[in-house]
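The residues making up each chain are set out below.
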Amino acid sequence: MQVLSANTDNIRRAGRAIRGGGLVAFPTETVYGLGANASVGRAVSRLYAAKGRPRFNPLIVHVSDLDAAQRLGVLDARARRLAERFWPGPLTLVVPLAPGAPLSSLVTAGLHTVGLRVPSHPVARALVEAAGVPVAAPSANRSGHVSPTAAEHVAADFADAEGLILDGGRCPGGLESTVVALTGEAAVLLRPGGVPRAAIEAVLGERLASAQGDEVAPAAPGMLASHYAPRARLRLNAHEARPGEVLLAFGPDAPPDAARNLSDAGDLAEAAANLFAYLRELDAEGAETIAVMPVPNEGLGEAINDRLARAAAPRPEAGWP
Ligand code: TXA
Ligand code: MG
């Protein structure tokens, strides 16, 4: 893919490319997305093929505001409250598909629901605006690999693919959006992410139910146990590196020989922003096993621990990647 700096002219060019059926990777406040015109089956099909993503796993559709979202999905009162509080920002709402919504059925993987998100990153917002169409965008990594938080991560995963990469620097958040389903009685947390559970529960005035999915029938089809995986093995809840391991530390009490510290200060937002980049760096340095210190499970820590657990899970194929 061709890397372009994210200036006004290039964003306009990228918007035209999306409208015309091409692929464009772009920064969001969470991770880089790989965007395609969500209304055009051929474009979405190209996107699944480039990612190597199973077609039963639906895509998030990025739009400019609540009005645009309501042309694609049916947002009930709870969904609108969440949208008003957290959009633009790292929250994806899974809601019933609006009748006649101009979306390729590939985007929703044939489901009667759609995942909608209004990103806050200025480049993402300008691109959606310039495209003038709903933009389907999964994280811009090869399926199953660590999500990208910098343009060079995208370029590394898609060396041979055709399309553009808008380089907007590092993503400030570093973890994907929180995905909440509002399709039935209970509000269900399908994926912890950039908006902590407690903030959502405070707005809803109710607890979020947990997804009942498993590997055979995942609730958010993308939430297969093994995901976000670097090449190296991970050992969690480690307090030191054993022979043959490198230590990914967290907090001020890290041993001096740690290879990286997610946050010296023990700050969860800083740790979230560093996590995927550090996993990629340690991979590139040839680490065989990454020992990871415990991260508290509160606030953003829930999403960090979710990604670590998936990165540590047994891999589907022996030779991954
Ligand atoms: O932060 C993010 O959400 C990033 C940026 C690029 O926006 N995107 C992202 O997309 O993480 P992706 O495709 O990697 O993850 C989307 C998740 C998957 O687990 C997918 O199964 C779930 O959302 N999802 C999407 N539509 C859904 C639907 N209709 N029902 C249930 N789950 C859905
Ligand atoms: Mg992803």
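The structure reproduced in this document is the subject of the present report. If you're wondering where the values come from, they're calculated on a predicted model, not measured in any experiment.

**Thoughts on the sheet that holds strand E14 (residues 260-261)**
Move 1: Reading across from one edge, E12-E15-E13-E14 is the order of the four strands in this open sheet, with parallel pairing throughout. If you trace the sheet from one side to the other, it starts and ends with strand E12 (233-235) and E14, each paired once.
Move 2: Each of E12, strand E13 (245-249), E14 and strand E15 (289-292) touches helix H8 (residues 268-284); the most contacted strand, E13, lies at about 165° to it.

**Describing the sheet that holds strand E4 (residues 60-62)**
Move 1: The eleven strands lie next to each other as E1-E8-E2-E3-E7-E4-E6-E5-E9-E10-E11, forming an open sheet whose pairing is mixed. Unpaired on one side and paired on the other, strand E1 (2-5) and strand E11 (209-210) mark the two borders of the sheet.
Move 2: As paired strands, E4 and strand E7 (residues 135-136) are joined by two bridges and run antiparallel to one another. Opposite Val61, over in E7, you have Ala136 as the bridge partner.

**Side note on the nonpolar core**
Move 1: Formed by 50 residues in total, the largest nonpolar core has its most connected members in Trp87 and Leu93.
Move 2: Of all the secondary structure elements, the ones that give two or more residues to this core are strand E3 (33-37), helix H2 (41-51), helix H3 (66-70), helix H4 (77-86), strand E5 (91-96), strand E6 (113-117), helix H6 (151-157) and helix H7 (197-204).
Move 3: With five residues, H2 is the largest single contributor of residues to this core.
Move 4: When residues no more than four places from it in sequence are discounted, the contact partners of Trp87 are Leu66, Ala69, Leu75, Leu82, Leu93, Leu116, Arg117 and Val118.
Move 5: Counting 26 residues, the second largest nonpolar core, distinct from the first, contains Tyr228, Phe276, Val292 and Leu308.

**Focus on the packing of aromatic side chains**
Move 1: Under the counting rule described, the total for this entry stands at zero aromatic pairs.
Move 2: Its guanidinium or amino end placed over the ring of Tyr278, Arg260 lies 5.8 Å from that ring's centre, counting from NZ or CZ.

Scoring rules and cut-offs
- Residues numbered from 1 in each chain as written.
- Chains lettered and ligands numbered in written order.
- Predicted model: local features only at pLDDT ≥ 70, side-chain atom pairs only at ≥ 80, totals over all residues.
- Heavy atoms only, no water.
- Pairing = 2+ DSSP bridges.
- Helix = DSSP H or I, 4+ residues; strand = E, 2+ residues; numbered from the N terminus.
- Contact = heavy atoms within 4.5 Å.
- Axes fitted to C-alpha atoms, helices over the stretch in contact; angles between N-to-C directions.
- Core = buried A, V, L, I, M, F, W, Y, C linked by side-chain atoms within 4.5 Å.
- Buried < 20%, exposed > 50% of the residue type's maximum accessible area, 1.4 Å probe, protein only.
- Phe/Tyr/Trp six-rings, centres within 6.5 Å; stacked < 30°, edge-to-face > 60°.
- Lys NZ or Arg CZ within 6 Å of the ring centre and 35° of its normal.

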